[in-house]
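# Descriptive structure summary
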Amino acid sequence: MKKLLPSILAATAMFAIPATAQDVQRMVPTSQAQVQLSYSPVVKQTSPAVVNIFTSRTVRTRTRSSFFDQMFGMQRAPRERVESSLGSGVIVRSNGIIVTNAHVVKGADELKVVLNDRREFEAKVVAQDEETDLAILRIDTQGEVMPVLQVGADMEPEIGDIVLAIGNPFGVGQTVTSGIISALGRTNVSDISSAIQTDAAVNPGNSGGALVNLQGELIGVNTAIFSRSGGSNGIGFAIPAELVERAIDSALSEGRIVRPWIGARTNGIDATMASALGLDRARGAVINEILPRGPADKAGLEKGDVILSVGDTEINDDSGLRFKLATLRRDETVSVEYVRDGRMRSTKVKVDTPQENPERDERALDGIHPFDGAVVVNMSPALGEELGFDPYLTGVMVLKVRSRSAANYNRLRPGDLILEVNGVEISSTRQIDDLLLSEPVDVVWDVQVDRNGRIGALPIRYLPPQN
């Protein structure tokens, strides 16, 4: 025992939580004593800042009318039921700011946050973004200073690092699992991702919980599992702290999660494309479309250019490009390396957020014409991002259609892009409003629409709304 004591003390000192990143030295355990060391100090340090989140929402369902209901003209009232779900979150500001997943709070009527000591708080959503799957919540702490986790690590996470996942799996209560970082930069999890992959057990309910390193720093927010059964099979994903930190700052300063862009539509590159473009391997993102007067256009980028890096980050595909841009601040200028005509080039790009240009100019098309009951808007990059449509769409889009209206009878649907009316190309809501006043109403109209990328004719005519 006396012989083992020095090695145990040395091992304990080596694995103790260091004060700074300079004190960290990654080492493989070299003795049984080191293998038997505990993660308990890290758990005690971090678990008070991880919370459980309970959500509820009211769902209305319409019941089918019976024969007697139809016979006597009766209509049953819709039934209501309350659906509950659970998730996890992390306190990131001592005044009660919490980060979690957007899918945890989506559609919730009520939000309840339960701390590690079982105290409960009502929460409000400050901002949420489904693309990054992040949501920022706030609780009223009444001046109490909350325990927090530092977002981001002093040392960059590496494959093989030991990590702990803390959350509320299956609603059983706070649980800690351990594992390693299995991979970095996974871009097949969502459209905007560069996810951390871990084999620490992550199950339903862990969403929004913390992925921490052995220094007690938040390196990621658990977001998804890859499993056919719905349970943990050793593949879990977390949103990197780099993106989490940017989302928090954006939500608190602007009231929404802002994702900068460069105004260029890109695609990833496969081996065949790489060979044709003169690249040594499949990497980068090729520009397929440039927004006129957008950041990329102003920086001199062109269609066909292949973006290889942004700042000091190598770009492997278009999802990785969107992730990198989402971690930047609006109006930040970054260096971009790209290939054009087989030659390596570089430029400076000032990133921005999608702008509302032209203005949406929302109009209700009420009157004696086939579009009565429709609400239309001018499409813009900002509106496309807001509504979840392609930000590069232009023209006039149907935003709403009133039930039992002429527009509804004529099969117009929200999301339709109105391209032409009676041979006249439509470019603005004002134009279509003026056109409706000048066209006869008692004839069949020829309307060209783009519905989900399919362009077709929609012959319609005015009909009075049915009572």
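Quick caveat: nothing in here was measured; it's all calculated off a predicted structure.

Within the protein, the regular secondary structure consists of 12 helices and 25 strands. Within the protein, buried positions represent 43% of all 467 residues. As displayed, the protein offers around 24,700 Å² of accessible surface, 49% of which is attributable to carbon and sulfur atoms.

For the structure on display, the rule yields 25 salt bridges. Arginine 259 serves as the salt-bridge partner of glutamate 385, at 3.2 Å between the closest nitrogen and oxygen. Residue glutamate 385 is located in helix α10 (residues 381-387), and its partner arginine 259 is located in the loop between α6 (241-254) and β13 (264-268); the two are separated by 126 residues in the primary sequence. In this structure, glutamate 314 and arginine 281 form a salt bridge, with 3.2 Å as the shortest nitrogen-oxygen distance. Taken together, the residues glutamate 314 in strand β16 (residues 313-314) and arginine 281 in the loop between α7 (271-276) and β14 (285-290) connect sequence positions 33 residues apart. Residue classification places glutamate 314 among the partly exposed positions, given a relative accessible area of 43%. Taking relative accessible area as the criterion, arginine 281 reaches 40% and is therefore assigned partly exposed.

The terminal C-alpha atoms of α6, which comprises 14 residues, lie 19 Å apart, in line with the 20 Å expected from a rise of 1.5 Å per residue. Of the positions making up α6, those classed as buried are Ala241, Leu243, Val244, Arg246, Ala247, Ile248, Ser250 and Ala251. At the C-terminal side of α6, glycine 255 shows a positive phi close to 80°.

This model, assessed by the stated rule, comprises 1 cavity of 30 Å³ or more. The calculated volume of the largest cavity comes to roughly 40 Å³. Lining the largest cavity are Thr132, Leu243, Arg246, Ala247, Ile257, Val258, Arg259 and Ala326. By residue number, the principal contributor to the lining of the largest cavity is α6, which donates 3 residues. Broken down by class, the residue content of the lining of the largest cavity amounts to 5 nonpolar, 1 polar and 2 charged.

Turning next to the pairing of strand β10 (residues 210-213). Judged by which residues are buried, β10 turns out to be covered on both faces: Ala210 and Val212 on one side and Leu211 and Asn213 on the other are all buried. Relative to β10, strand β7 (residues 162-167) runs antiparallel, the two sharing 4 bridges. Residue leucine 164 lies in a different strand from β10, and its bridge partner there is valine 212.

Turning next to the packing of aromatic side chains. Aromatic ring pairs are defined here through the distance separating the ring centres and the angle between the ring planes. Inspection of the entire model under this criterion finds 2 aromatic pairs. Lying over the aromatic face of phenylalanine 54, lysine 112 brings its terminal NZ or CZ to 5.6 Å of the ring centre.

Attention shifts here to the side chain of serine 380. Position of serine 380 among the secondary structure elements: in the loop between β20 (374-378) and α10. The residues contacting serine 380, other than those within four sequence positions of it, are Gln355, Glu356, Asn357, Pro358, Pro391 and Leu393.

Let us now look at the packing of α6 against helix α9 (residues 318-326). Packing of α6 against α9 brings their axes to within 9 Å, and their N-to-C directions diverge by 45°. With respect to each other, α6 and α9 are oriented oblique. Contacts between α6 and α9 involve Glu242, Leu243 and Arg246 from the first element and Phe323, Lys324 and Ala326 from the second. Residues that form the contact of α6 with α9 fall into these classes: 3 nonpolar, no polar and 3 charged.

Here we take up α9. By the criterion of burial, α9 is predominantly enclosed, with 8 of the 9 residues buried. Of the residues making up α9, those classed as buried are Asp318, Ser319, Gly320, Leu321, Phe323, Lys324, Leu325 and Ala326. In this structure, the buried residues of α9 make contact with β12 (236-240), α6, β13, β14, β15 (306-310) and β16.

Judged from the 4 bridges that link them, β15 and strand β17 (residues 333-340) form a sheet pairing that is antiparallel. Opposite serine 309, over in β17, you have glutamate 337 as the bridge partner. Hairpin geometry of β17 and strand β18 (residues 343-350) is characterised by an intervening segment of 2 residues between the two adjacent antiparallel strands and by a positive phi of about 55° at aspartate 341.

Right, let's talk about the environment of isoleucine 239 for a bit. Here isoleucine 239 is to be found in strand β12. Using a relative accessible area of 6% as the deciding quantity, one classes isoleucine 239 as buried.

Procedures and definitions
- Residues numbered from 1 in each chain as written.
- Predicted model: local features only at pLDDT ≥ 70, side-chain atom pairs only at ≥ 80, totals over all residues.
- Heavy atoms only, no water.
- Helix = DSSP H or I, 4+ residues; strand = E, 2+ residues; numbered from the N terminus.
- Buried < 20%, exposed > 50% of the residue type's maximum accessible area, 1.4 Å probe, protein only.
- Areas by Shrake-Rupley, 256 points an atom, 1.4 Å probe, with all protein chains shown as cover.
- Salt bridge = Lys/Arg side-chain N within 4 Å of Asp/Glu carboxyl O.
- Expected span 1.5 Å × (residues − 1).
- 1 Å grid on protein atoms, 1.4 Å probe; cavity = no way out; pocket = protein on both sides within 12 Å on 5 of 7 lines; lining within 4 Å.
- Points joined across faces, edges and corners; volume = space filled by probe spheres on them.
- Nonpolar A, V, L, I, M, F, W, Y, C, P; charged D, E, K, R; others polar.
- Pairing = 2+ DSSP bridges.
- Phe/Tyr/Trp six-rings, centres within 6.5 Å; stacked < 30°, edge-to-face > 60°.
- Lys NZ or Arg CZ within 6 Å of the ring centre and 35° of its normal.
- Contact = heavy atoms within 4.5 Å.
- Axes fitted to C-alpha atoms, helices over the stretch in contact; angles between N-to-C directions.
- Parallel < 35°, antiparallel > 145°, perpendicular 65-115°, else oblique.

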